[in-house]
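# Analysis of the macromolecular model
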Number of protein chains: 2
Amino acid sequence: MNFLEEKIVKDGIVKEGNVLKVDSFLNHQMDIELFNQMGAEWKKRFAGKNINKILTIEASGIGIACIAAQHFGVPVVFAKKSKSINLEGEMYTAEVESFTHKNKNKVIVSKKFLNENDHVLLIDDFLANGCALQGLIQIVQSAGATVEGIGIAVEKGFQSGGKIIRNLGYQLESLAIVESMDWETGSITFREE
Amino acid sequence: MNFLEEKIVKDGIVKEGNVLKVDSFLNHQMDIELFNQMGAEWKKRFAGKNINKILTIEASGIGIACIAAQHFGVPVVFAKKSKSINLEGEMYTAEVESFTHKNKNKVIVSKKFLNENDHVLLIDDFLANGCALQGLIQIVQSAGATVEGIGIAVEKGFQSGGKIIRNLGYQLESLAIVESMDWETGSITFREE
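From a predicted model like this one, the values you see are computed outputs, not experimental measurements.

Our next topic: the interface of chain A and chain B. By a widely used convention, the size of an interface equals the accessible area lost when the partners come together. Chain A puts 32 residues into the contact, and the matching count from chain B is 32 residues. Summing the contributions of chain A and of chain B, the shared interface buries around 2,600 Å²; its carbon and sulfur component is 61%. If you look at where chain A meets chain B, you find two salt bridges. In this structure, Asp23 of chain B and Lys112 of chain A form a salt bridge, with 3.2 Å as the shortest nitrogen-oxygen distance. For the pair chain A and chain B, the number of links is 13 residue pairs in polar contact (both at pLDDT 80 or more). Among the secondary structure elements, those contributing two or more residues to the side of chain A that touches chain B are β3 (29–30), α2 (32–45), α3 (61–72), β5 (76–82) and β7 (104–110) of chain A. The dominant element in the side of chain A that touches chain B, judged by the number of residues it contributes, is α3 of chain A, at six residues. Per-class residue counts for the side of chain A that touches chain B are 15 nonpolar, nine polar and eight charged. Here β3 of chain A runs beside strand β5 (residues 76–82) of chain B; their pairing, made up of two bridges, is antiparallel. Counterpart to Met30 of chain A in the pairing with β5 of chain B is Val76 of chain B.

Next up, the structure:
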């Protein structure tokens, strides 16, 4: 097990319905030293890639992306979730369905902060069905920019998102891929690398 | 002028209606090196304070809080905005009015991540009328925890938030306090320290 898998086993909580709660260190309370290790690991896995910007999505991707950005020496842009149509200025938009909240959000990024010269690393905390990530990819493509890679903290390997994204040819680096969970025993099985 | 005031003069945009756009470096695209300088400055201003946790509010406070947290060696908790009443588990809640969006949000923090032993530094990107901040203070008080200080990037000194918070006796450290703006000339006047 790597450092993130060990942390998940130690502090993650498995709940009924294939729910994995990691809110004590990843997406409500945030363990900054852990994020730093994650950033260092992505830097290693994306070595040699020409990355000049990190793109993430509010809210729980932002902290991870900012700490990771220090390892790449690049700025971060976060896509905003918005239900309003009254967008000031010119925006790239994509529609994203939330697995957790069962609703649709419009995701927006100002055209000022993404263009055809950008080589983008996408960062997010979770990958399940991949809807949020596909929204971010769509936004990068609308800008004529290049997705150089995708860094995810926790992937639910038993859902389709990871497979879809890898089949599209992207370098997807999930630091922990959960193959199965058992809420009655609390056990978690990770994909072998 | 300090480093943040210089950045605001260089890259901020003054718009009609006392609107200051800092989305190229603070709250949409994020300048991580700038955040690092802000963190170092707060560490200096809150020297000697016993701080074991940073509390912020989604979304644009999160990046600043995470980078600042590295200077204090503490975890970050971010309060979530939620319109849903169906809250899983036990939550501290406060109601917060948004100046920008003219709506009310419920702000929530899990009781697991804040208790009477916590000495909290509040961090946010903007302070105008102070509603978001008062929500965070209310949550810290509900937990029986202590507000050790408040770090703000940009305070609108011509609105009442800063005065209210200082009158309540809190150590409020805003790194740039805008006294006035003129959207026709683009000029910005800062409060002298």
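Here the narrative resumes, following the displayed structure.
Our next topic: the packing of helix α2 (residues 32–45) of chain B against helix α3 (residues 61–72) of chain B. Residue and element names in this part refer to chain B. Between α2 and α3, the shortest axis-to-axis distance is 8 Å and the interhelical angle comes to 50°. Comparing their axes, α3 and α2 come out oblique. The hand of the α2/α3 crossing is right-handed. Of the residues in α3, those in contact with Ile32, Phe35, Asn36, Met38, Gly39, Ala40, Trp42 and Lys43 of α2 are Gly63, Ile64, Ile67, Ala68, His71 and Phe72.

With an RMSD of 0.0 Å, the fit of chain A onto chain B corresponds to turning through 180° and sliding 0.0 Å along the axis. Overall, the copies show the geometry of a two-fold rotation axis. Residue by residue, 100% of the interface of chain A is reproduced at the interface of chain B, so both copies engage with the same surface.

Per the counting criterion, the structure on display carries 24 salt bridges over all chains. Residue Glu41 of chain A is joined to Arg45 of chain A by a salt bridge in which the shortest nitrogen-to-oxygen separation is 2.8 Å. Of the two residues, Glu41 of chain A and Arg45 of chain A are both situated in helix α2; the distance of four residues between them amounts to about one turn of the helix. Across this residue pair, the class does not change: Glu41 of chain A and Arg45 of chain A are buried. Residue Asp11 of chain B is joined to Lys10 of chain B by a salt bridge in which the shortest nitrogen-to-oxygen separation is 3.5 Å. A relative accessible area of 25% means that Asp11 of chain B is categorised as partly exposed. The structure contains a network of salt bridges with shared partners spanning Lys7, Lys10, Asp11 and Asp31 of chain A.

Conventions used here
Residues numbered from 1 in each chain as written. Chains lettered and ligands numbered in written order. Predicted model: local features only at pLDDT ≥ 70, side-chain atom pairs only at ≥ 80, totals over all residues. Heavy atoms only, no water. Contact = heavy atoms within 4.5 Å. Buried area = accessible area lost by both parts, 1.4 Å probe. Salt bridge = Lys/Arg side-chain N within 4 Å of Asp/Glu carboxyl O. Polar contact = N/O pair within 3.5 Å; in protein donor to acceptor, adjacent residues only side chain to side chain. Helix = DSSP H or I, 4+ residues; strand = E, 2+ residues; numbered from the N terminus. Nonpolar A, V, L, I, M, F, W, Y, C, P; charged D, E, K, R; others polar. Pairing = 2+ DSSP bridges. Axes fitted to C-alpha atoms, helices over the stretch in contact; angles between N-to-C directions. Parallel < 35°, antiparallel > 145°, perpendicular 65-115°, else oblique. Left-handed = near helix turned anticlockwise from the far one by under 90°. Least-squares fit on C-alpha atoms with pLDDT ≥ 70 in both. Buried < 20%, exposed > 50% of the residue type's maximum accessible area, 1.4 Å probe, protein only.

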